[in-house]
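Here is how the chains run, residue by residue.
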2 protein chains.
Amino acid sequence: MGPDNEINEFLPLREVVFLTLRKAILKGELQPGERLMEIALAGRLGVSRTPVREAIRMLEHEGLVVMKPRRGAQVAKITEQELNDVLEVRKSLEILAAYKACERMTEEDMKAMREAGAEFRKLAVNPRCDLTALTEADVAFHDTIYRGTQNRRLNQILANLREQMYRFRFEYLKDASIRESLVSEHEEIMRAVAARDGELAAGLIGEHIDNQQKVIHASIASMEGEN
Amino acid sequence: MGPDNEINEFLPLREVVFLTLRKAILKGELQPGERLMEIALAGRLGVSRTPVREAIRMLEHEGLVVMKPRRGAQVAKITEQELNDVLEVRKSLEILAAYKACERMTEEDMKAMREAGAEFRKLAVNPRCDLTALTEADVAFHDTIYRGTQNRRLNQILANLREQMYRFRFEYLKDASIRESLVSEHEEIMRAVAARDGELAAGLIGEHIDNQQKVIHASIASMEGEN
DNA sequence: AACAAGTCTTTTGTATACAGAATATTATAT
DNA sequence: ATATAATATTCTGTATACAAAAGACTTGTT
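Given the structure is predicted, the values throughout are model-derived calculations rather than measurements.

About the cut-offs
Residues numbered from 1 in each chain as written. Chains lettered and ligands numbered in written order. Predicted model: local features only at pLDDT ≥ 70, side-chain atom pairs only at ≥ 80, totals over all residues. Heavy atoms only, no water. Near = heavy atom within 4 Å. Polar contact = N/O pair within 3.5 Å; in protein donor to acceptor, adjacent residues only side chain to side chain. Helix = DSSP H or I, 4+ residues; strand = E, 2+ residues; numbered from the N terminus. Nonpolar A, V, L, I, M, F, W, Y, C, P; charged D, E, K, R; others polar. 1 Å grid on protein atoms, 1.4 Å probe; cavity = no way out; pocket = protein on both sides within 12 Å on 5 of 7 lines; lining within 4 Å. Points joined across faces, edges and corners; volume = space filled by probe spheres on them. Core = buried A, V, L, I, M, F, W, Y, C linked by side-chain atoms within 4.5 Å. Buried < 20%, exposed > 50% of the residue type's maximum accessible area, 1.4 Å probe, protein only. Contact = heavy atoms within 4.5 Å. Pairing = 2+ DSSP bridges. Buried area = accessible area lost by both parts, 1.4 Å probe. Salt bridge = Lys/Arg side-chain N within 4 Å of Asp/Glu carboxyl O. Axes fitted to C-alpha atoms, helices over the stretch in contact; angles between N-to-C directions. Left-handed = near helix turned anticlockwise from the far one by under 90°.

What about the protein's contact with DNA strand D?
Here is step 1 of the chain: DNA strand D sits among 20 residues. The nearest are Leu13, Ser48, Thr50 and Arg71 of chain A together with Arg49 of chain B.
Here is step 2 of the chain: Backbone atoms, meaning sugar plus phosphate, form 64% of the atoms of DNA strand D positioned within 4 Å of the protein.
Here is step 3 of the chain: Arg49 of chain A places a polar side-chain atom, nitrogen or oxygen, 3.5 Å from a base nitrogen of DNA strand D.
Here is step 4 of the chain: At 3.4 Å, a backbone N or O of Leu36 of chain B approaches a phosphate oxygen of DNA strand D.
Here is step 5 of the chain: Broken down by secondary-structure element, the contributors of at least two residues to the surface near DNA strand D are helix H1 (13-27) and helix H3 (49-62) of chain A together with strand S1 (35-36), helix H2 (38-45) and helix H3 (49-62) of chain B.
Here is step 6 of the chain: When grouped by side-chain class, the residues that make up the surface near DNA strand D number 8 nonpolar, 3 polar and 9 charged.

Spelled out as structure tokens, the structure:
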């Protein structure tokens, strides 16, 4: 529908559809519980049902949609329980990543981390900043640490877990005071990683996640009951 | 081809194909690097290309096959690096699972664990035992602990990570002396969990994984160079 | 007016058809 | 005989067609 559906690379259509639908789900344009009807989606996106179906298969495996036996796909509803489950796993793996990053990051990795951190700060201090750009900068910052672990699988799993909570990121970053504390948390983490102090970095990252959990908790409580 | 392709439940064909192909890959019937040609597979399984393609999409997302840009799918080759990556993540999550299981397991969970442990021992002590049944018993044992965490996501990720190494499980369990030490490790773990001693259980599970890693390492070294 | 049965529509699940790209093959020239 | 170019084949990517099942709607009966 929108003009940004025409992703002008040469990707298989299933990938294009997959990315488009995923973004729509994560941004909340497709709401939890909403049915994904193949013909309608195919029509909107200007493709046939085949790539739509394959994209749905991928989204299903990623946990963003669930299949009802003979009723097709619908956007997965995230319960608070599931969110806690995700965060529990994520905390553990973020801590692992912190340790391993401290062990294995190269100097270039360090440089990339500092640059990403600076970029995030630059955006975050602006009281009227673009939230989309800010979430992307946050993701980019954490990605530099993930990459520093030199563990592709860990990278992939963490990226996926983070994605599960994307819908809440916007809420999360709206608050300017939260943004400020985020910036200082990032700086602390960077110092610890730069000093290759795994113990400290792991502890800081753990707190970082705990803080996120608190905010998300509150955010969920405030939007109770929309089914 | 084989007579067990006709899985007689009412599942979508894509699921049947998915399960069939996955089993074939994990058992090594489809070897790493082997191409998965849609028409050939569809013919063999007596279905059309559509469910085969959707199954491949699922396998791709599970990491068991990789897509070459315009050359279709092939069974993923597991490099030693990737295996180490998987084990690093897995160890961290197994330890998390041990802690949480100690906190959260109900008495029924404990009972299920003890029964699964006993079943595994029964099979393992038989010097001429069925390896397939044994791997299944091992999986069942660890599953009781995963389930005890009450964390579905953790469960799912651990099950997936374990699957990545399935091809090596058979090698692993062939050796009778290894089976013996496995039994005693399981018993130790059970005692720790039953006592809800998270610290101890986590340590033991960590060693359990380390031991696995050593054996798999050796197993890979011995089959060096089959591309 | 309410409930039940039957029909109709919608939608999924599956099969097949068609086009374009990549590789293998063959023929030709040096 | 070898290398290169042209041709043929194979396979993927995509679209469309068809059948069966689920759900919605209508109509008839009590």
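Here's the deal with empty space enclosed by the protein
All names here are of chain A.
Here is step 1 of the chain: Counted by the stated rule, this structure contains 1 cavity of 30 Å³ or more.
Here is step 2 of the chain: In this structure, the largest cavity encloses a volume near 30 Å³.
Here is step 3 of the chain: Forming the boundary of the largest cavity are Leu36, Glu38, Ile56, Arg57, Met67, Gly72 and Ala73.
Here is step 4 of the chain: Among the elements of the structure, H3 and strand S3 (72-75) are those that each provide at least two residues to the lining of the largest cavity.
Here is step 5 of the chain: In terms of residue class, the lining of the largest cavity is made up of 4 nonpolar, 1 polar and 2 charged.

A word on the nonpolar core
Here is step 1 of the chain: Counting residues in hydrophobic clusters, the biggest one holds 68 residues, and the most contacted among them are Leu93, Met113 and Val193 of chain A together with Leu93, Met113 and Val193 of chain B.
Here is step 2 of the chain: When neighbours within four sequence positions are excluded, Val193 of chain B is seen to be in contact with Cys102, Met105, Met110, Met113 and Ala201 of chain B.

Remarks on the sheet that holds strand S3 (residues 72-75) of chain B
Hydrogen bonding along the main chain pairs the strands of a sheet, whether they run parallel or antiparallel.
Here is step 1 of the chain: Pairing is antiparallel in the open sheet, where 3 strands are placed in the order S1-S3-S2 (chain B). One side of each edge strand has no neighbouring strand; the edge strands of this open sheet are S1 and strand S2 (65-68) of chain B.

Topic: the environment of Lys100 of chain B
Here is step 1 of the chain: The residue Lys100 of chain B is located in helix H4 (residues 80-104) in this model.
Here is step 2 of the chain: Residue class for Lys100 of chain B comes out buried when judged on its relative accessible area of 16%.
Here is step 3 of the chain: For the pair formed by Lys100 of chain B and Val89 of chain B, sequence separation is 11 residues and the distance between their alpha carbons is 17 Å.
Here is step 4 of the chain: Other than its neighbours up to four places away in sequence, Lys100 of chain B contacts Glu88 of chain A together with Gly148 and Thr149 of chain B.

With respect to the protein's contact with DNA strand C
Here is step 1 of the chain: In the neighbourhood of DNA strand C, 19 residues make up the surrounding shell, with Met37 and Arg49 of chain A together with Leu13, Ser48 and Thr50 of chain B lying closest.
Here is step 2 of the chain: The sugar-phosphate backbone supplies 57% of the atoms of DNA strand C found within 4 Å of the protein.
Here is step 3 of the chain: Between DNA strand C and Arg49 of chain B, the relevant distance is 3.4 Å, taken from a base nitrogen to a side-chain nitrogen or oxygen of the residue.
Here is step 4 of the chain: Within the residue set of the surface near DNA strand C, elements represented by two or more residues are helix H2 (38-45) and H3 of chain A together with helix H1 (13-27) and H3 of chain B.
Here is step 5 of the chain: The dominant element in the surface near DNA strand C, judged by the number of residues it contributes, is H3 of chain B, at 3 residues.

Describing the interface of chain A and chain B
Here is step 1 of the chain: Taken residue by residue, the interface counts 32 residues in chain A and 32 residues in chain B.
Here is step 2 of the chain: Across the chain A/chain B interface, buried area totals approximately 2800 Å², and carbon plus sulfur atoms make up 51% of it.
Here is step 3 of the chain: Among the residues of chain A in contact with chain B, His61, Glu88 and Arg153 of chain A are the three that bury the most area, contributing 23% of the side total.
Here is step 4 of the chain: Connecting chain A to chain B are 6 salt bridges.
Here is step 5 of the chain: Run the count over chain A and chain B and you get 15 residue pairs in polar contact (both at pLDDT 80 or more).
Here is step 6 of the chain: Contributions of two or more residues to the side of chain A that touches chain B are made by H1, H3, helix H4 (80-104) and helix H7 (152-164) of chain A.
Here is step 7 of the chain: Of all the elements, H4 of chain A adds the most residues to the side of chain A that touches chain B, at 10 residues.
Here is step 8 of the chain: Considering only residue class, the side of chain A that touches chain B consists of 11 nonpolar, 7 polar and 14 charged.

Some words on the packing of H4 of chain B against helix H6 (residues 131-148) of chain B
Residues and elements named next belong to chain B.
Here is step 1 of the chain: The N-to-C vectors of H4 and H6 enclose an angle of 65 degrees; their axes lie 7 Å apart at closest approach. In the packing of H4 onto H6, the handedness of the crossing is left-handed. On H6, the residues that touch Arg90, Glu94, Ala97, Lys100, Ala101 and Arg104 of H4 are His142, Ile145, Tyr146 and Gly148.
Here is step 2 of the chain: Here the contact of H4 with H6 is composed, by residue class, of 4 nonpolar, 2 polar and 4 charged.

A short note on the side chain of Asn155 of chain B
Residues and elements named next belong to chain B.
Here is step 1 of the chain: Mapped onto the elements of the fold, Asn155 is located in helix H7 (residues 152-164).
Here is step 2 of the chain: Note on Asn155: relative accessible area 18%, which makes it buried.
Here is step 3 of the chain: With residues up to four places along the chain from it excluded, the contact list for Asn155 reads Tyr146, Arg147 and Thr149.

Read these as layout, nothing more, since geometry by itself doesn't imply function.
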